[in-house]
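What follows is the residue order along each chain.
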Amino acid sequence: MNKLASSDPEAEAIVEFYRTVSTGALVQRADEVCRSIHGNKVWLRGLVEFSNYCSMDCQYCGIRHSNTNVERYRLSPEQIVNLTVQGYEAGLRTFVLQGGEDPWFTADRISFILDQIKTKTRGMAAVTLSLGLRPRSVFAQWKAAGADRYLMRFETSDPELHRRLRCGATLERRLEALEDLRDCGYEVGSGYLVGLPGESEETRIANALLCREKKFDMVGIGPFIPHPETPLGDAPQQPLELALRATALVRLLLPLANMPATTAAGSLDKQGREKMMAAGANVLMPNITPEDFKKNYLLYPNKICLDESGFECINCLDIRTHLVRKNIDYARGDSLSWSPEP
Ligand code: SAM
Ligand code: SF4
């Protein structure tokens, strides 16, 4: 029995349910819980993949530093701001600025971008950052400049596996940074990859329990898709079902959290995002990065929606959402578990 589960009887019962029921029954229960709390709403986030430069070398990632086949790009601060303003005018109210750990984007450059977005959207748009590990003082600076949320997956809760796959970076430091974000007043998002080589069913359960223990406001779960130009290129592709089970388990453990139906799920299976939404996910992230750039942000092969603009994607997402009897909502959609007072 996992240490946390034994000190949390409700979590223990949920894990027992997870272990014993079929995927269909698990997903159905998670869907019921999701609809009872979030209704049929699915929040939209405009995703901007602003840089594929990265100083890190995570073994699973297609844009890792050592992959010399990647055509590198970075959007200028002005391009990033203009994209979010365009998204705002199209009705989007939340933007996720995501990139590799790119030192060109200094603390001050990101602050400038945040300030511009907030000014040009009259403070009406929520901004989520997702650019990896930075010192606590930088997280505080960005919060003061207008950042609302931060996404940083812990990737796996197994400390040894984490160190191995992230080339020496420790789980402990990642979790410390997530605490820093919480202390700075961010809405905190994390999550993990499902199907990594070296992971077991017990790792997957521990991953979900860690999300509960840390009370994350947002949890992103993505199936790991092996990229041929990485050291894990020959790893087997695990079925999407593992990620669906993980989504359902986290929904039961953290009913209030916002959970995206990830692009990786849609890339692995044509109906992957619909299946995720039917398993408890309540967020979609149309990718509004210009087509010329997003084709080079390949974390994994066969990524979907590379040829359309994110604005065209919204129509397609609207149809997909209806297929699972849900409705897109353009509002900021703060996490129900988050409060401005830490
Ligand atoms: N660099 C930042 C970081 O690592 O937190 C943010 C960008 S990173 C590309 C976003 C996420 O991509 C990671 O958290 C990881 O889970 C996911 N990712 C990387 N390689 C992947 C792969 N091969 N399959 C699926 N997801 C992948
Ligand atoms: Fe860089 Fe993030 Fe990819 Fe790791 S997962 S190599 S930090 S972009």
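Anything mentioned here points back to the structure above.
The paragraphs below set out a description of the structure included in this document. (Residues numbered from 1 in each chain as written. Chains lettered and ligands numbered in written order. Predicted model: local features only at pLDDT ≥ 70, side-chain atom pairs only at ≥ 80, totals over all residues. Heavy atoms only, no water.)

**Looking at a negative patch on the surface**
Reasoning step 1: Together, E291, D292, D307, E308 and E312 make up a region of like negative charge exposed at the surface.
Reasoning step 2: Note that E308 resides in the loop between α13 (291-294) and α14 (310-323). (Patch = residues over 30% accessible without salt bridge, like charges linked within 9 Å, V, L, I, M, F, W, Y side chains within 5 Å. Areas by Shrake-Rupley, 256 points an atom, 1.4 Å probe, with all protein chains shown as cover. Salt bridge = Lys/Arg side-chain N within 4 Å of Asp/Glu carboxyl O. Lys, Arg positive; Asp, Glu negative; His and termini not counted. Charge placed at Lys NZ, Arg CZ, Asp CG, Glu CD. Helix = DSSP H or I, 4+ residues; strand = E, 2+ residues; numbered from the N terminus.)

**Some points on helix α5 (residues 107-120)**
Reasoning step 1: The end-to-end C-alpha distance of α5, which contains 14 residues, comes to 20 Å, matching closely the 20 Å that a straight helix rising 1.5 Å per residue would cover.
Reasoning step 2: Among the residues of α5, those classed as buried are A107, I110, S111, I113, L114, I117 and K118. In a view along the axis of α5, the buried residues occupy a sector of 160°, so they form one face of it. Pointing more than 90 degrees away from the buried face of α5 are the exposed residues D108 and T119.
Reasoning step 3: Against β2 (46-51), α4 (77-89), β3 (94-99), β4 (126-130) and α6 (136-145) lie the buried residues of α5.
Reasoning step 4: Trailing α5 by a residue or two, R122 shows a phi angle of about 50°, which is positive. (Expected span 1.5 Å × (residues − 1). Buried < 20%, exposed > 50% of the residue type's maximum accessible area, 1.4 Å probe, protein only. Arc of directions from axis to C-beta. Contact = heavy atoms within 4.5 Å.)

**Here's the deal with the site of ligand 2**
Reasoning step 1: Taken together, the residues surrounding ligand 2 are C54, M56, C58, Y60, C61, I63, R64 and G100.
Reasoning step 2: Per-class residue counts for the shell around ligand 2 are six nonpolar, one polar and one charged. (Near = heavy atom within 4 Å. Nonpolar A, V, L, I, M, F, W, Y, C, P; charged D, E, K, R; others polar.)

**Details of the site of ligand 1**
Reasoning step 1: Around ligand 1, 17 residues are found, and the nearest of them are Y60, R153, E155, R174 and I225.
Reasoning step 2: G99 is positioned with one of its backbone polar atoms (N or O) 3.1 Å from a nitrogen atom of ligand 1.
Reasoning step 3: Partitioned by chemical class, the residues of the shell around ligand 1 number nine nonpolar, five polar and three charged. (Polar contact = N/O pair within 3.5 Å; in protein donor to acceptor, adjacent residues only side chain to side chain.)

**What to know about the nonpolar core**
Reasoning step 1: In this structure, L129 and W142 are the most contacted members of the largest nonpolar core, which totals 95 residues.
Reasoning step 2: In terms of residue count, the dominant contributor to this core is helix α10 (residues 240-253) (ten residues).
Reasoning step 3: Setting aside its immediate chain neighbours within four residues, L129 contacts L97, I110, L114, W142, A147, R149, Y150 and L151. (Core = buried A, V, L, I, M, F, W, Y, C linked by side-chain atoms within 4.5 Å.)

**Examining a nonpolar patch on the surface**
Reasoning step 1: On the surface, a cluster of nonpolar side chains totalling about 240 Å² of accessible area is made up of I37, L256 and L336.
Reasoning step 2: Examined against the element boundaries, L336 turns out to sit in the segment after β9 (327-329).

**Describing the sheet that holds β4**
Reasoning step 1: Judged by pairing direction, the sheet is parallel, and its six strands sit side by side in the order β2-β3-β4-β5-β6-β7 without closing on themselves. Bordering the open sheet on either side are β2 and β7 (218-223), each of which pairs with just one other strand. Adjacent strand axes in the sheet meet at a mean angle of 20°, parallel and antiparallel pairs treated alike.
Reasoning step 2: Relative to strand β5 (residues 149-151), β4 is paired through two bridges, and the arrangement is parallel. (Pairing = 2+ DSSP bridges. Axes fitted to C-alpha atoms, helices over the stretch in contact; angles between N-to-C directions.)

**Some words on the packing of helix α9 (residues 201-214) against α10**
Helix-helix packing is characterised by the crossing angle of the two axes and by the distance between the axes.
Reasoning step 1: Close contact between α9 and α10 brings their axes to 9 Å; oriented N to C, the two are set at 30°. Comparing the axis directions of α9 and α10 gives the class roughly parallel. Crossing of α9 over α10 shows right-handed handedness. On α10, the residues touching R204, I205, A208, L209 and R212 of α9 are L242, L249, V250 and L253. (Parallel < 35°, antiparallel > 145°, perpendicular 65-115°, else oblique. Left-handed = near helix turned anticlockwise from the far one by under 90°.)

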